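# Structure assessment
Below, each chain spelled out in residue letters.
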Amino acid sequence: MKSNLTTLCYLEKDGCYLMLHRVSKKNDINKDKWIGVGGHFEQDESPEECLLREVKEETGLTLNSWRFRGLITFQADGGPTEYMCLYTSEDFSGELKSCDEGILEWVKKEDIYRLNLWEGDMLFLERLAREEPFFSMTLRYRQDKLIEAFADGRNLLEEG
């Protein structure tokens, strides 16, 4: 059984984010979506250990430094709640390799909203773009539809 704890990292370079177009895995909840890189914690891993391992596995890159930007709580159709540690990094080294989970591509930050993203990802990507300090957000989905989004005690969907 997979852990309900995950990491997600947006690597930044030259005004772009490294995005993963999830097209390779069968039965992938993220099928055809564009996301950052990351994944589920392994037994006894800390958030940072998971982050470093997942980035290395998916990209071939080694993070030299990173910022812990937020904690995202996902709830979907009565399934287990998932807690995602959200990171960004501008300091990494190594050679980018192909990923067995999809296609990696550097995408200009202003163009990412044209991609097939989860609705909730758009909300936390906007906070990253505004350089907001550490935040916590709860996203509730019914199938693929975002039905509730909360941060800072506010309903983000009602605010538009």
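In short, a report on the structure. The structure presented is a predicted model; accordingly, all values stated were derived computationally and were not measured. Along each chain, residues carry numbers from 1 onward, in the same order as the chain's sequence is written. It should be noted that, the model being predicted, local features are given only for residues of pLDDT at least 70 and side-chain atom pairs only at 80 or more, the latter also being counted only at that level, while totals for whole chains, interfaces and linings use all residues. Water and hydrogen atoms were dropped before computing side-chain values, which therefore reflect all heavy atoms in the structure.

## Quick look at the pairing of strand β8 (residues 135–142)
For the record, the criterion: Only strands joined by at least two bridges in the DSSP assignment are considered to pair. Only DSSP runs of H or I reaching four residues or more are called helices, and only runs of E reaching two or more are called strands; each is numbered from the N terminus.
Where strand β5 (residues 62–76) lies against β8, 7 bridges are found, and the strand directions are parallel. Note on β8: the bridge partner recorded for G70 is F135. Taken together, the 6 bridges between β8 and strand β9 (residues 145–151) define a ladder with antiparallel strand orientation. Along β9, the bridge assignment pairs R142 with K145. Connecting the antiparallel pair β8 and β9 is a turn made up of 2 residues, with Q143 showing a positive phi of about 55°.

## Section: the layout of surface pockets
Formally: Throughout, the protein atoms alone are placed on a 1 Å grid, and a set of points is a cavity if a 1.4 Å probe fits but cannot get out or a pocket if it is open with protein on both sides within 12 Å along at least five of seven lines; lining residues have an atom within 4 Å of a point. Grid points are joined across faces, edges and corners, and a volume is the space filled by probe spheres set on the points.
In this structure, the largest pocket occupies an estimated 1,100 Å³ of space. At 4 residues, helix α1 (residues 47–59) tops the list of elements feeding residues into the lining of the largest pocket.

## Examining the environment of L52
Going by this rule: Note on definitions: a residue-residue contact is assigned when non-hydrogen atoms from the two residues lie within 4.5 Å.
Relative to the helices and strands, L52 is located in helix α1. Those residues in contact with L52 that lie beyond four places of it in its chain are L63 and W66.

## Things to note about the pattern of salt bridges
Any two side chains of opposite charge can pair, so long as their charged atoms come close to each other. Inclusion rule: In what follows, salt bridge is the name for a side-chain nitrogen of Lys or Arg lying within 4 Å of a carboxyl oxygen of Asp or Glu.
Here the structure, examined in full by the defined rule, presents 15 salt bridges. In this structure, E132 engages R130 in a salt bridge whose closest nitrogen and oxygen atoms are separated by 2.6 Å. Ionic pairing is found between E148 and R140, a salt bridge with its closest N-O pair at 3.0 Å. Residues joined in a network through salt bridges with shared partners are E42, E45, R53, E54 and E57.

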